[in-house]
Amino acid sequence: MIRDQGSLDALLATVRRFVRERLVPHEAAVAESGEVSEALVAGMRDLGLFGLTIPEAYGGLGATTEEEVLFAMEMGWTSPAFRARFGTNIGIGSQGLVNGGTEEQKQRYLPRLARGELIGSFALTEPEAGSDAGSLTTRARRDGNGWVLNGRKRFITNSPYAGLFTVFARTDPDQAGARGVSAFLVERDTPGISVGAPDRKMGQMGAHTADVVFDDAHVPGDALLGREGEGFKIAMRVLDRGRLHIAAASVGNADRLIAESLTYALERKQFGQPIAEFQLIQAMLADSRTEALAARCMVLETARRRDRGEDVGADAASCKLFATEMVGRVADRAVQIHGGNGYMAAFPVERFYRDVRLYRLYEGTSQIQQLVIARAMIKGAQA
Amino acid sequence: MKVLVACKRVIDYNVKVRVKADQSGVDLQNVKMSMNPFDEIAVEQAIRLKEAGTATEIVAVSLGAEACQETLRTALAMGADRAIHVHHDGGLEPLAVAKLLKAVIGAEQPSLVLLGKQAIDDDCNQTGQMLAGLLGWPQGTFVSRLKVEGAKVAAGREVDGGIENVELKLPAVMTVDLRLNEPRYASLPNIMKARKKPIDKKTPAELGVDPAPRLRTVKVAEPPKRQAGVKVDSVATLVTKLKEEAGVI
């Protein structure tokens, strides 16, 4: 935990400077090549970004939720591809272990995850199990003391670099739905695991997803994370925390898009004056600013309440729903303000427009967030 | 070998500086402050000397208001071992800073003192030179190459015609230039660890120095706005204009 304001300010100022001086100048090259260079990854590793949320006892910074979202907003100033590289280590690729791992499991993996020597990946989604995550068909069959995994996972972020997968597989084939699912910590060099070619995507070039295939992959008994049949619960808890992080990243991206729009509107002249002087442009700028501020307030307030121990499950879903839809509208206006130039790859808003589209899809689509929110409302009313 | 590094807290280099309405100075209200970039290069060099096994201890010193401690925390997070804050509210001129540093150096006895060649706020470029003069130590200014060899330090100085190579006997004062190195970012874990490193507090009175200003600022004003240029349609017109209007050829 960071706790005091002086330290937090210093940490945020360092991340801000690193993002603006070291990452932003490489955005276009990363988008072009589809790779975040090893030098940039090393820079992020040296800065300590891979350990932001991992507890201090295991070599991380142990950031609170409020601190984590502030970091995510700073990172949002640049392409999501950079954040994605360490995003799984501080989010879905480590939090299952942090929440439900044994001491021995934590000691084995968390320090290396915090240092960025090991990349963690979260393997839940399957070709036929997306929003309906409980319907997954990857099987884990008992074999002596251990387990044998068979199945295919899809869109697995960072899988090409991952050394550790948190894999969700059905251990009880007689239990349909979420109850027969267990979680496993599976090392990449386990025989029988293969990672497919990186997926070709709309945006976020430089962030890689791929299929992960398990073909009679034997794992030891102590690879089980939590108890048998608890896998779905572990997955949902991990995704709960991630919602605020993605909402915060959306706020950061919105801030950048607004700054790009404002700069452009002040420089671009039409009819003899900067387009920022036109009220129809001003309306778009003001709407974007207002919506980004609303999302920022929602995210910070919900993060603080989570740190106080309150149950914010449904509100975190509201934050993800609003912030990711908000940044979609902000990106759309940013392109509109840029006019024809906004459609051209020479301007960052064209890239961000494609990048931010993903936020509304992954770690629970907007529609799944709506269901989470409404179901919590109904459950609350019936209680 | 002990290395002492002086770090000044200045307006961040990204900030667009504004002159106060009464022209008494520059507006510092709610302005982001950070370590003088040239001093950051000095801190980085000290850390590299320590990593190379040449330096054994790095002491960072800052003079000024309470907030200078944040600047020192940055130096500590980068890799300085401990820090000294000479607390003084109000302006400090290069001569006062040099005298205060001399007093600190008298107690610390470092073999090498590193400073930025100048601070980006007032651009005085005087403190290092005055300090060397007061100490009676050799000085190397505008240093872009530095190597400690036994009891001597070899340095390359950036001068108009190129690099001047000098050799100085230790102890010495050096002011560093832009091309000496590229400072590292303090890592997030090291920023946290730096909160626990010691900062000694001293006052000018304890050091026996009167820091009262010797100079009076008459007026601070913005430079005049640049006039718009003109386009010419031929080289002949350009030459004529350079001759007749600009009078430069």
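Residues numbered from 1 in each chain as written. Chains lettered and ligands numbered in written order. Predicted model: local features only at pLDDT ≥ 70, side-chain atom pairs only at ≥ 80, totals over all residues. Heavy atoms only, no water.

**Side note on the overall build of chain A**
Scanning chain A from N- to C-terminus turns up 12 helices and 10 strands. The C-alpha radius of gyration computed for chain A amounts to 21 Å, which stays within 12% of the reference 21 Å derived for 383 residues, consistent with globular compactness. For chain A, the C-alpha atoms occupy an extent of roughly 80 × 55 × 45 Å along the three principal directions. When the 383 residues of chain A are sorted by exposure, 53% land in the buried category. Excluding contacts between residues fewer than 6 apart, the proportion of contacts in chain A whose partners are at least 24 apart in sequence is 74%. On chain A, roughly 16600 Å² of surface is accessible, and the fraction owed to carbon and sulfur atoms is 53%. (Helix = DSSP H or I, 4+ residues; strand = E, 2+ residues; numbered from the N terminus. Rg over C-alpha atoms; globule rule 2.2 N^0.38 Å. Buried < 20%, exposed > 50% of the residue type's maximum accessible area, 1.4 Å probe, protein only. Contact = heavy atoms within 4.5 Å. Areas by Shrake-Rupley, 256 points an atom, 1.4 Å probe, with all protein chains shown as cover.)

**Some thoughts on helix α3 (residues 38–47) of chain A**
Every buried residue of α3 of chain A is listed here: Leu40, Val41, Met44 and Leu47 of chain A. With its buried residues spanning 125 degrees around the axis, α3 of chain A presents them on a single face. Exposed residues pointing more than 90 degrees away from the buried face of α3 of chain A are listed as Ala39 and Asp46 of chain A. On the buried face of α3 of chain A, the contacting elements are α1 (5–23), α2 (27–33) and α5 (80–90) of chain A together with α5 (188–194) of chain B. One or two positions beyond α3 of chain A, positive phi appears at Gly48 of chain A, with a value near 100 degrees. (Arc of directions from axis to C-beta.)

**Let's talk about the nonpolar core**
In terms of nonpolar packing, the biggest core is built from 100 residues, with Met44, Leu49 and Val299 of chain A together with Leu114, Leu146, Met174 and Leu188 of chain B touching the most fellow members. In this structure Met174 of chain B touches Leu112, Val113, Leu114, Leu115, Gly140, Val143, Leu146, Val153, Ala155 and Leu168 of chain B, once residues within four positions along its chain are discounted. Among the nonpolar cores identified, the runner-up in size contains 25 residues, and Leu110, Phe168, Leu185 and Leu239 of chain A belong to it. (Core = buried A, V, L, I, M, F, W, Y, C linked by side-chain atoms within 4.5 Å.)

**With respect to the sheet that holds strand β9 (residues 162–169) of chain B**
Adjacent strands of a sheet form backbone hydrogen bonds with each other and so pair up, either parallel or antiparallel. Residue and element names in this part refer to chain B. Taken together, 9 strands build an open sheet; the order of strands is β9-β8-β7-β10-β6-β1-β4-β5-β11 and the sheet is mixed. If you trace the sheet from one side to the other, it starts and ends with β9 and β11 (199–202), each paired once. Going across the sheet, the axis of each strand differs from the next one's by a mean of 30 degrees, ignoring polarity. Judged from the 3 bridges that link them, strand β7 (residues 139–149) and strand β10 (residues 172–176) form a sheet pairing that is parallel. The residue of β10 that forms the bridge with Val143 is Val176. (Pairing = 2+ DSSP bridges. Axes fitted to C-alpha atoms, helices over the stretch in contact; angles between N-to-C directions.)

**Points about the state of the cysteines**
All names here are of chain A. Tallied over the full model, the rule gives 0 disulfides over all chains. Between Cys297, a free cysteine, and Cys319, which holds the nearest cysteine sulfur, the sulfur-to-sulfur gap is 11 Å. A residue is classified by how much of its surface remains accessible, and Cys319, at 2% relative accessible area, is buried. (Disulfide = S-S within 2.5 Å.)

**Topic: α1 of chain A**
Compared with the 27 Å implied by 1.5 Å per residue over 19 residues, the 26 Å span of α1 of chain A between its first and last C-alpha is a close match. Along α1 of chain A, the positions that sit buried rather than exposed are Ser7, Leu8, Leu11, Leu12, Thr14, Val15, Phe18, Val19 and Leu23 of chain A. One side of α1 of chain A carries all its buried residues, which in axial view fall inside an arc of 155 degrees. Packed against the buried residues of α1 of chain A are α2, α3, α4 (65–75) and α5 of chain A together with α5 of chain B. (Expected span 1.5 Å × (residues − 1).)

**Here we look at the interface of chain B and chain A**
Counting residues at the interface gives 14 residues for chain B, matched by 21 residues for chain A. Summed over both sides, the interface between chain B and chain A buries roughly 1400 Å², with carbon and sulfur atoms accounting for 60% of that surface. In terms of surface lost to chain A, no three residues of chain B exceed Tyr185, Leu188 and Met192 of chain B, which account for 52% of the buried area on that side. Across the chain B-chain A interface, the total number found is 3 salt bridges. Linking chain B to chain A there are 6 residue pairs in polar contact (both at pLDDT 80 or more). (Buried area = accessible area lost by both parts, 1.4 Å probe. Salt bridge = Lys/Arg side-chain N within 4 Å of Asp/Glu carboxyl O. Polar contact = N/O pair within 3.5 Å; in protein donor to acceptor, adjacent residues only side chain to side chain.)

**Some words on the pattern of salt bridges**
Two side chains bearing opposite charge may form a pair once their charged atoms approach each other closely. Counted according to the given criterion, the structure contains 46 salt bridges over all chains. Among the salt bridges present, the one from Glu108 of chain B reaches Lys2 of chain B, with a minimum N-O distance of 2.7 Å. In this pair, Glu108 of chain B sits in helix α3 (residues 94–108) while Lys2 of chain B sits in strand β1 (residues 2–6), placing the two residues 106 residues apart along the sequence. The class for Glu108 of chain B is buried, based on a relative accessible area of 13%. As a salt-bridge pair, Asp81 of chain B and Lys50 of chain B come within 2.7 Å of each other at their nearest N and O atoms. Of this pair, Asp81 of chain B sits in the loop between α2 (68–78) and β5 (82–87) while Lys50 of chain B sits in helix α1 (residues 37–51), and the two are 31 residues apart along the sequence. Look at the salt bridges and you will find they share partners, linking Glu27, Arg256, Glu260 and Arg351 of chain A into a network.

**Things to note about the domain arrangement of chain A**
Residue and element names in this part refer to chain A. Looking at chain A, the domain boundaries give domain 1 (5–115), domain 2 (120–229) and domain 3 (233–382). The C-alpha-based centres of domain 1 and domain 2 are spaced at 23 Å. For the domain 1 and domain 2 pair, buried surface summed over both sides reaches about 1700 Å², with 54% attributable to carbon and sulfur atoms. On inspection of domain 1 and its partner domain 2, the count reaches 1 salt bridge. The partner of Asp222 in a salt bridge is Arg108, with the nearest N and O atoms 3.2 Å apart. Broken down by secondary-structure element, the contributors of at least two residues to the side of domain 1 that touches domain 2 are α2, α5, α6 (95–100) and α7 (103–115). The element that contributes the greatest number of residues to the side of domain 1 that touches domain 2 is α5, accounting for 6 residues. In terms of residue class, the side of domain 1 that touches domain 2 is made up of 10 nonpolar, 8 polar and 4 charged. (Domains from an automatic or database assignment. Nonpolar A, V, L, I, M, F, W, Y, C, P; charged D, E, K, R; others polar.)

**Quick notes on the environment of Ser187 of chain B**
Relative to the helices and strands, Ser187 of chain B resides in the loop between β10 and α5. Taking C-alpha positions, Ser187 of chain B is 34 Å from Ala96 of chain B, a pair spaced 91 residues apart along the chain. With sequence-adjacent residues up to four places away left out, Ser187 of chain B is seen in contact with Asp46 and Leu47 of chain A.

**Things to note about the confidence of the model for chain A**
Should the pLDDT be low somewhere, the predicted coordinates at that spot are not to be read in detail. Overall, the predicted model of chain A reaches an average pLDDT of 95, with 99% of residues at or above 70. Mean pLDDT values for the elements of chain A range from 93 in α1 of chain A up to 98 in helix α11 (residues 348–355) of chain A. (pLDDT = per-residue confidence, 0-100.)

**Overview of the pairing of strand β1 (residues 120–123) of chain A**
Residues and elements named next belong to chain A. Because side chains alternate across β1, one face comprises the buried residues Gly120 and Phe122, and the other comprises Ser121 and Ala123, equally buried. When β1 meets strand β4 (residues 164–170), the two strands line up parallel, connected through 4 bridges. If you follow Phe122 over to β4, its bridge partner there is Thr166.

**As for the packing of α3 of chain B against helix α4 (residues 127–135) of chain B**
All names here are of chain B. As a packed pair, α3 and α4 sit with axes 8 Å apart at the nearest point and diverge in direction by 50 degrees. One way to sum up the angle between α3 and α4 is to call them oblique. For α3 against α4, the interelement crossing comes out right-handed. From α3, Pro94, Leu95, Val97, Ala98, Lys99, Leu101, Lys102 and Ile105 reach across to α4, where they touch Thr127, Met130, Leu131, Leu134 and Leu135. Residue classes in the contact of α3 with α4 are distributed as 10 nonpolar, 1 polar and 2 charged. (Parallel < 35°, antiparallel > 145°, perpendicular 65-115°, else oblique. Left-handed = near helix turned anticlockwise from the far one by under 90°.)

**As for the side chain of Lys320 of chain A**
All names here are of chain A. With respect to the helices, strands and loops of the structure, Lys320 is situated in helix α10 (residues 313–338). One buried charge, Lys320, has no salt-bridge partner; the nearest side chain with opposite charge is Glu363, at 7.3 Å. A distance of 3.0 Å separates the side chain of Lys320 from the backbone oxygen of Tyr362, its partner in a polar contact. For Lys320, the residues in contact, after removing those within four places along its chain, are Arg243, Ile246, Ala247, Glu325, Tyr359, Arg360, Tyr362, Glu363, Gly364 and Gln369. (Lys, Arg positive; Asp, Glu negative; His and termini not counted.)

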